[in-house]
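# Commentary on secondary and tertiary structure
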There are 2 protein chains.
Amino acid sequence: MLDQNFRGRHTLSIDSKGRVSVPAPFREILAERYGENRLMLATVFDRCLRAYPTEEWAKIEEHASGLSSTDKNVKFYYRHFISSAVELEFDKQGRILIPASHREWAEINGGQVLFLGITDKIEIWDKAAYASKMATLDPSSVEDSINEMGGKI
Amino acid sequence: MLDQNFRGRHTLSIDSKGRVSVPAPFREILAERYGENRLMLATVFDRCLRAYPTEEWAKIEEHASGLSSTDKNVKFYYRHFISSAVELEFDKQGRILIPASHREWAEINGGQVLFLGITDKIEIWDKAAYASKMATLDPSSVEDSINEMGGKI
DNA sequence: CCACCTTTCCCCACCTTTCCCCACGTACAA
DNA sequence: TTGTACGTGGGGAAAGGTGGGGAAAGGTGG
């Protein structure tokens, strides 16, 4: 499966209609591993978007349905995350149209968009927002902390 | 295995298309020890690139998947490091094409590139950037610190 | 219910990057 | 010199990404 994970960082531009090309290697994985030409797009708390193969999203919904639906954190989670998922198909050029509300949440106002391949999902960021978010943490203390937890670099 | 470790410092030039030859001894190790003609290339926090045999990279991903995915340091690590990995194959002349985003990160703007063989991985630096980075550290305090940690020189 | 405006979808066309060749120069050894 | 290994450079085809026009769909207000 090593060859079938989402991986790599791609910068693409979004046009005035809200369309972005999904990087070709990601489309290829969706087609070959999952047999699909679509993905589920959801809003994530830290002001970015996540795209999942429908199969992976199904697992998330399944887990979600087991949670206590009266807990206030769970309600928040349902309302913000679970309810945000939209199914998007690629057009003939391999693009998706990101809904306006999703663009707004992730502060995507045209310009450059970043696709991050993270094993079984894809994160989508406004490039500038990503840069400023990442600048809030100190890389060397992150390295130390990862090292303590047993991660490798 | 002593003869099968990456070792040595090689200066090579990158062309206008972003291609660099991978030093022949490194290619040989990849072929003979790992049976491959490709490598995984990732961006490292200190503004350089690291190349791993796919086998070594697989270990990194495996360790990474065990970390708590809601921790803010872990998210940073996923977003910056894990997601940056790209699989690159050698062309017929033994070169790789370094993706534009990776070149940008490592401040490689054409000119000279440095390959450092470090046991089971390879670091790739812009030659000028490497020189100025190394100049910021005081060699004798580095030696002391290594000595305290039990390293040998 | 109709007219209008906006958003979405589908098409085509262009440009840049990537990929796959082949060729040349240099260094080292026979 | 001749052969071989290695690094460098460039041309041309293919793929990937970008932009825009125009029809269809959907929503809004009179």
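This write-up is about the structure you can find in this document. Not measured: the values here are computed from a predicted model. (Residues numbered from 1 in each chain as written. Chains lettered and ligands numbered in written order. Predicted model: local features only at pLDDT ≥ 70, side-chain atom pairs only at ≥ 80, totals over all residues. Heavy atoms only, no water.)

### Quick look at the pairing of strand 8 (residues 121–126) of chain A
Residues and elements named next belong to chain A. Burial within strand 8 is extensive, with 6 of its 6 residues counted as buried. Strand direction decides the pairing type here: strand 4 (residues 48–52) and strand 8, joined by 3 bridges, are antiparallel. Of the residues in strand 8, the one forming a bridge with alanine 51 is isoleucine 122. Pairing geometry for strand 7 (residues 111–119) and strand 8, over 6 bridges, is antiparallel. Paired with valine 113 across the two strands is aspartate 126, which belongs to strand 8. Two successive antiparallel strands, strand 7 and strand 8, enclose a turn made up of 1 residue. (Buried < 20%, exposed > 50% of the residue type's maximum accessible area, 1.4 Å probe, protein only. Helix = DSSP H or I, 4+ residues; strand = E, 2+ residues; numbered from the N terminus. Pairing = 2+ DSSP bridges.)

### Quick notes on the protein's contact with DNA strand C
Neighbouring DNA strand C are Lys17, Arg19, Lys92, Gln93, Arg95 and Leu97 of chain A together with Lys17, Arg19, Gln93, Arg95 and Leu97 of chain B. For DNA strand C, the fraction of atoms within 4 Å of the protein that belong to sugar or phosphate moieties is 43%. At 3.1 Å from a base nitrogen of DNA strand C is found a side-chain nitrogen or oxygen belonging to lysine 17 of chain A. Between glutamine 93 of chain A and DNA strand C, the recorded distance is 2.9 Å, taken from a side-chain N or O atom to a base nitrogen. Taken together, the elements giving at least two residues each to the surface near DNA strand C come down to strand 6 (95–97) of chain A together with strand 6 (95–97) of chain B. In terms of residue class, the surface near DNA strand C is made up of 2 nonpolar, 2 polar and 7 charged. (Near = heavy atom within 4 Å. Polar contact = N/O pair within 3.5 Å; in protein donor to acceptor, adjacent residues only side chain to side chain. Nonpolar A, V, L, I, M, F, W, Y, C, P; charged D, E, K, R; others polar.)

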